[in-house]
Amino acid sequence: MFDDVAPKYDVVNDVLSLGQTHRWRRIVVDAVDAKAGERVLDLAAGTGTSSEPYADAGVHVVACDFSLGMLRVGKRRRPDIDFIAGDATDLPFADNSFDASTISFGLRNVDRPTRALEEMLRVTKPGGRLVIAEFSQPIVPLWRTLYTEYLMRALPAIATKVSSNPAAYVYLAESIRAWPNQDELAGWITQSGWESVAYRNLNGGIVAVHRATKPEGTITTTAAASQTRGRRRSSRAAN
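Residues numbered from 1 in each chain as written. Predicted model: local features only at pLDDT ≥ 70, side-chain atom pairs only at ≥ 80, totals over all residues. Heavy atoms only, no water.

(A) Region of interest: the nonpolar core. Within the largest apolar cluster, 25 residues are counted, with the highest numbers of intra-cluster contacts made by V28, V32, F135, V207 and V209. Secondary-structure elements contributing two or more residues to this core are α3 (21-32), β2 (60-65), β5 (124-135), α8 (166-178) and β7 (207-213). With four residues, α3 is the single largest residue contributor to this core. Those residues in contact with F135 that sit more than four places away from it in its chain are W24, F105, R108, Y147, I176, W179, I206 and V207. Of all hydrophobic cores here, the second largest spans 23 residues; its members include A88, L91, F93 and V110. (Core = buried A, V, L, I, M, F, W, Y, C linked by side-chain atoms within 4.5 Å. Buried < 20%, exposed > 50% of the residue type's maximum accessible area, 1.4 Å probe, protein only. Helix = DSSP H or I, 4+ residues; strand = E, 2+ residues; numbered from the N terminus. Contact = heavy atoms within 4.5 Å.)

(B) Layout of the pairing of strand β3 (residues 82-85). Pairing between β2 and β3: four bridges, direction parallel. Paired with D65 across the two strands is A85, which belongs to β3. (Pairing = 2+ DSSP bridges.)

(C) Spotlight on a nonpolar patch on the surface. A contiguous nonpolar patch, built from I139, V140, L142, W143 and L146 and spanning about 510 Å² of accessible area, is present on the exposed surface. Structurally, L142 can be placed in helix α7 (residues 141-162). Residue L142 is classed as exposed on the basis of its relative accessible area, which comes to 62%. (Patch = residues over 30% accessible without salt bridge, like charges linked within 9 Å, V, L, I, M, F, W, Y side chains within 5 Å. Areas by Shrake-Rupley, 256 points an atom, 1.4 Å probe, with all protein chains shown as cover. Salt bridge = Lys/Arg side-chain N within 4 Å of Asp/Glu carboxyl O.)

(D) Region of the structure containing the pattern of salt bridges. For the coordinates displayed, the defined rule picks out nine salt bridges. Put simply, K35 and D33 hold a salt bridge, and the shortest N to O gap is 3.0 Å. By relative accessible area, D33 is classed as partly exposed at 44%. D95 is the partner of R122 in a salt bridge, and the nearest nitrogen-oxygen pair spans 2.7 Å. Within this pair, whereas R122 is found in helix α6 (residues 113-123), its partner D95 is found in the loop between β3 and β4 (98-104), the two being separated by 27 residues in sequence.

(E) Fine view of unusual backbone geometry. Of note, F105 is a non-glycine position whose phi angle comes to about 60°, a positive value. Mapping F105 onto the fold places it in the loop between β4 and α6. One non-glycine residue, S196, adopts positive backbone phi at about 55°. Along the chain, S196 falls in strand β6 (residues 195-202).

(F) Representation of the environment of G48. Within the fold, G48 resides in the loop between β1 (39-43) and α4 (52-56). In this structure G48 comes out as buried when scored by relative accessible area, which is 1%. In this structure, G48 is in contact with R77 and F83, ignoring residues within four places of it in sequence.

And the structure:
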């Protein structure tokens, strides 16, 4: 699905968000606060639009995505950025190799989002940062109702006019509506081993930017992470 919409993906997103994607990306970049010479993992980077500000600032950014179609579009536009194919639940990177990890509007598309949070913890250095931007739930009831109506009615109709694959945007609307709220996602992040978890609502809660830090001295080697997941599976089976 993402391979199919890759050529027009960024343009369609700008239209459907009424131009808000640019502001949201700037807020994420500010939250990551990467310095020249640092390494940043931009997961679910798609065509690399979210990765470009880091590269332009002299930050070594790795744009990782599961969709080869997205990566090809991005590499043609920005050959200077490292585009890497990878599964968010089994990242192809060494332990403790990034100063910060970020994912924007991609976590809800991962089959096992808590596993992805654990993997991001593993590849981030102790003391490193996590920043997640994701669609969330508006905090004012009336605004939530209006937004839900837009998602389920207007968004697919607009996508039919501007996208080569309108069905993909029906999925988009449904995935946003089914995604947990801000506090539940914050709980997932904490349970995955991150600390100092906080979030900021944007546009009344349509989007939330979550931030967290990897505890100093945390040992998250590949072997340790596998053992932890194994214990959790055993615990679930026992229950």
